[in-house]
Amino acid sequence: MEQHQLIEGNLLDEKGHIIEAGYAYSLVKIYSRDQVKLSHLKIKEWDYYFISNQQFGVALTVADNSYMSLIGATFFDFVNKQIFTKNVMGFMSRGKFHMPTDSRAGDIVVENKKASFKFLHENNKRHLLVSLKNFDKNRDFRCDIYLEETCPDTMVIVTPFKKPGHFYYNQKINLQKASGYVKLGSSQFDFGSDSYGVLDWGRGIWTYKNTWYWSSLSGVYRGHRIGFNLGYGFGDTSKASENVFYYDDKIYKLDDVRFDIPLDDKGNDDFLKPWKFRSSKGDIDLTFTPIIDNKTRASAVIIKQIGDQVFGKFSGHVSIDDKIIYFEDLLGFAEKVTNYW
C-alpha cells in the first residue's frame, strides 16, 4: 500500500466532503461541526480511554452521537476474570456535550444525578475524574487518573465512506503514562509505574452498518515502551491504514494487518481461543492469548451493536526499519464490533 500523508488544512470542503484522505501523526486537519452539511443528527463524537496494567484496567467513555448519548465506565479484573460496567444513556443530545474539536485542548464535563465525568487538561496532562453511583450493586465507582504522553507522535487517520458526506476523523494516543487510582466501594486500586493508557478520539458521520476490527496495546517490555494500534474493516482505507507501532518515543507506520480469529465447530468466531495477527509483508507476527471477553449484545429499535472486546496477552514480533522487536505476555485488547447506528 502506498499511503498518503495528510497536510494541514480543513477536514471538509464547502459541500461537506472530505478534502483529503490519509494518515498523519497529529491532528493536522481542522474539524468543526459547522463544516458538516448532512443532518447534524448523524454526527458522532466520542472520547474513549482505556487505562491498565497487567492486573486490572478501566475504560471510560463519553459519547455524543447526536440522537443518543452515552457516558460509561468499566472495571476489568484480569486476575479473577471479572468485568463490572455501568452505562448511562440519553437521547437527542444533539451536540449538547460540546465535545472539543481538538484532542489537545478543551475539557469535557458531563454531570447528572447518577454520574459525573470530567476529562480535563491540566499542566500538559490529562486529568480524568469520574464518579458513578450504584456502579456494582451498592458499590459506587470513582477514579482520579492522570495521563501524560510519552511519544510526540500519534496515530491519526481520515477515512471516507462511499456515501457522500460520510467520514471518520480518528486519533489514537497510545503509551500515556498513568498514575492515580480507581475505587469500587471501599476497595482501591492504584495505577503504578507499569500503568499506561490509550485515548480513542473519534469525530465523524458513519454509514448505518459497519464492522470494524481494532486492537491496542501499551506497556513496557525489558525496559522499552512498546505499543501498537492495529485495525481495519470499514470505510475506504485505500489511502492509508491505521496501523502503527510505538517503540520508546518513536512511532512507525505499518501497512496491512489481518486478525485470524479461530472458529468453533459451527463456524462461529471462538473469541477465547488464541488469535493470530499477521501482515502480507510479514512485519507483523503476533499471537494473542485471551483472558476475558467484554461482550456486548445491545438492541434498541433501529440501533444495534454486536461486539466482542477481548483482553489478553500478546507475544511475537513486529519489524520496524532494520530492527525486529520481540516481546511476550504484554496485556492489550482486540475486538470485533458490528454496529447498526
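Residues numbered from 1 in each chain as written. Predicted model: local features only at pLDDT ≥ 70, side-chain atom pairs only at ≥ 80, totals over all residues. Heavy atoms only, no water.

## Quick notes on the overall build of the protein
Each helix and strand in the protein was counted, giving zero helices and 24 strands. Taking 341 residues into account, the globule formula puts the C-alpha radius of gyration at 20 Å, and the protein, at 19 Å, falls close to it. Once the C-alpha set of the protein is aligned to its principal axes, its extents read approximately 55 × 50 × 50 Å. Put simply, the protein has 341 residues, and 57% of those count as buried. Of the contacts made within the protein by residues no fewer than 6 positions apart, 55% connect residues no fewer than 24 positions apart. Accessible surface, the protein: about 15,300 Å² in total, of which carbon and sulfur atoms supply 48%. (Helix = DSSP H or I, 4+ residues; strand = E, 2+ residues; numbered from the N terminus. Rg over C-alpha atoms; globule rule 2.2 N^0.38 Å. Buried < 20%, exposed > 50% of the residue type's maximum accessible area, 1.4 Å probe, protein only. Contact = heavy atoms within 4.5 Å. Areas by Shrake-Rupley, 256 points an atom, 1.4 Å probe, with all protein chains shown as cover.)

## Re the nonpolar core
Residues I51, L60 and F141 are the most contacted members of the largest nonpolar core, which totals 48 residues. A per-element tally of this core places strand β13 (residues 167–184) first, with six residues. Apart from the residues within four sequence positions on either side, I51 is in contact with F56, G57, V58, L60, L128, I145, L147, A178, F191, Y196 and G197. Core analysis: the second largest hydrophobic core is formed by 27 residues, L230, F259, F288 and I325 among them. (Core = buried A, V, L, I, M, F, W, Y, C linked by side-chain atoms within 4.5 Å.)

## Side note on a nonpolar patch on the surface
Taken together, the side chains of M89, F91 and M92 make up a nonpolar region of the molecular surface, amounting to roughly 350 Å² of accessible area. Position of M92 relative to the elements: it lies in the loop between β7 (82–91) and β8 (108–111). Under the relative-accessibility criterion, M92 is labelled partly exposed at 38%. (Patch = residues over 30% accessible without salt bridge, like charges linked within 9 Å, V, L, I, M, F, W, Y side chains within 5 Å. Salt bridge = Lys/Arg side-chain N within 4 Å of Asp/Glu carboxyl O.)

## Overview of the sheet that holds strand β16 (residues 209–221)
Read across the open sheet, the nine strands follow the order β19-β18-β17-β16-β24-β23-β22-β21-β20; overall the sheet is antiparallel. Each end of this open sheet is capped by a strand with a single partner; those strands are β19 (250–253) and β20 (258–260). Between one strand axis and the next, the sheet turns through 20° on average, direction left out of account. Summarising the sheet, strand β17 (residues 224–232) and strand β18 (residues 244–247) pair through four bridges and their orientation is antiparallel. Note that in β18 the partner of F228 across the bridge is F245. (Pairing = 2+ DSSP bridges. Axes fitted to C-alpha atoms, helices over the stretch in contact; angles between N-to-C directions.)

## Quick word on the pattern of salt bridges
Taken as a whole, this structure holds 14 salt bridges when the rule is applied. Beyond isolated ion pairs, a larger network of salt bridges with shared partners links R258, D260 and R278.

## Quick notes on unusual backbone geometry
Backbone phi values are negative for most residues with the exception of glycine, while trans is the configuration of most peptide bonds. Its identity as a non-glycine residue notwithstanding, N123 has a phi of 50°, on the positive side. Following the sequence through the fold, N123 ends up in the loop between β9 (115–122) and β10 (125–136). For D248, which is not a glycine, the phi torsion comes out positive at approximately 55°. Relative to the elements of secondary structure, D248 occurs in the loop between β18 and β19.

## As for the side chain of N210
Counting through the fold element by element, N210 comes out in strand β16. By relative accessible area, which is 7% here, N210 ends up buried. Looking at N210, its side chain comes within polar contact range of the main-chain oxygen of T207, at 2.9 Å. When residues no more than four places from it in sequence are discounted, the contact partners of N210 are F161, F234, V337, T338 and N339. (Polar contact = N/O pair within 3.5 Å; in protein donor to acceptor, adjacent residues only side chain to side chain.)

## A word on the pairing of β7
A regular strand carries its side chains on alternate faces of the sheet. Inspection of the sheet shows strand β6 (residues 68–77) paired to β7 by 10 bridges, in the antiparallel sense. Looking across to β7, one finds that M68 is bridged to F91.

## Some points on the environment of I291
Tracing the chain through its elements places I291 in strand β22 (residues 284–300). Sequence separation between I291 and A63 is 228 residues, and the spatial gap between their C-alpha atoms is 27 Å. Excluding residues that lie within four positions of it along the chain, I291 makes contacts with F78, K81, F311, G312, K313 and L331.

## Describing the side chain of D293
Structurally, D293 is set in strand β22. When sequence neighbours within four positions are dropped, the list of residues in contact with D293 reads I83, F271, L272, D308, Q309 and V310.

## Structural notes on the environment of P152
With respect to the helices and strands, P152 occurs in the loop between β11 (139–149) and β12 (155–160). Taking the C-alpha atoms as reference, P152 lies 7.6 Å from K250; in sequence the two are 98 residues apart.

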